[in-house]
Amino acid sequence: QVQVVESGGGLVQPGGSLRLSCAASGRIFSINAMGWYRQAPGNQRELVAAITRDGKTNYADSVKGRFTISRDNAKNTVYLQMNSLKPEDTAVYYCHGDVISQLRGPAVRSWGQGTQVTVSS
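This is a predicted model, so every value here is computed, not measured. (Residues numbered from 1 in each chain as written. Predicted model: local features only at pLDDT ≥ 70, side-chain atom pairs only at ≥ 80, totals over all residues. Heavy atoms only, no water.)

**Q** What exactly am I supposed to notice about the overall build of the protein here?
**A** Each helix and strand in the protein was counted, giving 0 helices and 11 strands. Starting at the N terminus and ending at the C terminus, the protein contains elements arranged as β-β-β-β-β-β-β-β-β-β-β. Relative to the compact-globule value of 14 Å for 121 residues, the protein shows a C-alpha radius of gyration of 14 Å, a close match. In terms of principal-axis extent, the alpha carbons of the protein reach across some 50 × 25 × 25 Å. The burial tally for the protein puts 41% of its 121 residues in the buried class. Counting only contacts in the protein whose residues sit at least 6 apart along the sequence, the fraction spanning at least 24 positions is 55%. Taken as two groups, the 13 positive and 8 negative side-chain charges of the protein have centres that lie 7 Å from each other. (Helix = DSSP H or I, 4+ residues; strand = E, 2+ residues; numbered from the N terminus. Rg over C-alpha atoms; globule rule 2.2 N^0.38 Å. Buried < 20%, exposed > 50% of the residue type's maximum accessible area, 1.4 Å probe, protein only. Contact = heavy atoms within 4.5 Å. Lys, Arg positive; Asp, Glu negative; His and termini not counted. Charge placed at Lys NZ, Arg CZ, Asp CG, Glu CD.)

See below:
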């Protein structure tokens, strides 16, 4: 079993910053891609940012230049530094890890429960 737990959400004013963290634990041999998605009320879940094991990153156009994704492979943890936050960034943010649980096993995407980010004055 693999558990994925996000933390760091909250209420912030427009222009402010937040840092989200996400840690995977349990039966883990290695983790391929890790990433963040978000879902606002009435909207579909959308990709925010993703990072490969060797550090290649991908961002949604709406967050480029404002958000930075990083990871610590030794801690099975991924981070999302969010700066210059806007009201439209308000959403539940979900973390995932593509987890390999045994040597030569398949990578299975595991999701966290989500953390609320609200940008409002």
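**Q** What am I meant to see in the state of the cysteines here?
**A** In protein chemistry, a disulfide is the covalent bond that joins the sulfur atoms of two cysteines. Tallying each qualifying case throughout the model produces 1 disulfide. Across a sulfur-sulfur distance of 1.9 Å, Cys 22 and Cys 95 are joined as a disulfide pair. Of note, the bridge from Cys 22 to Cys 95 carries an S-S torsion of about -80° and is left-handed in sense. Of this pair, Cys 22 sits in strand β3 (residues 18–26) while Cys 95 sits in strand β9 (residues 91–100), and the two are 73 residues apart along the sequence. Classification of Cys 95 as buried rests on a relative accessible area of 0%. (Disulfide = S-S within 2.5 Å.)

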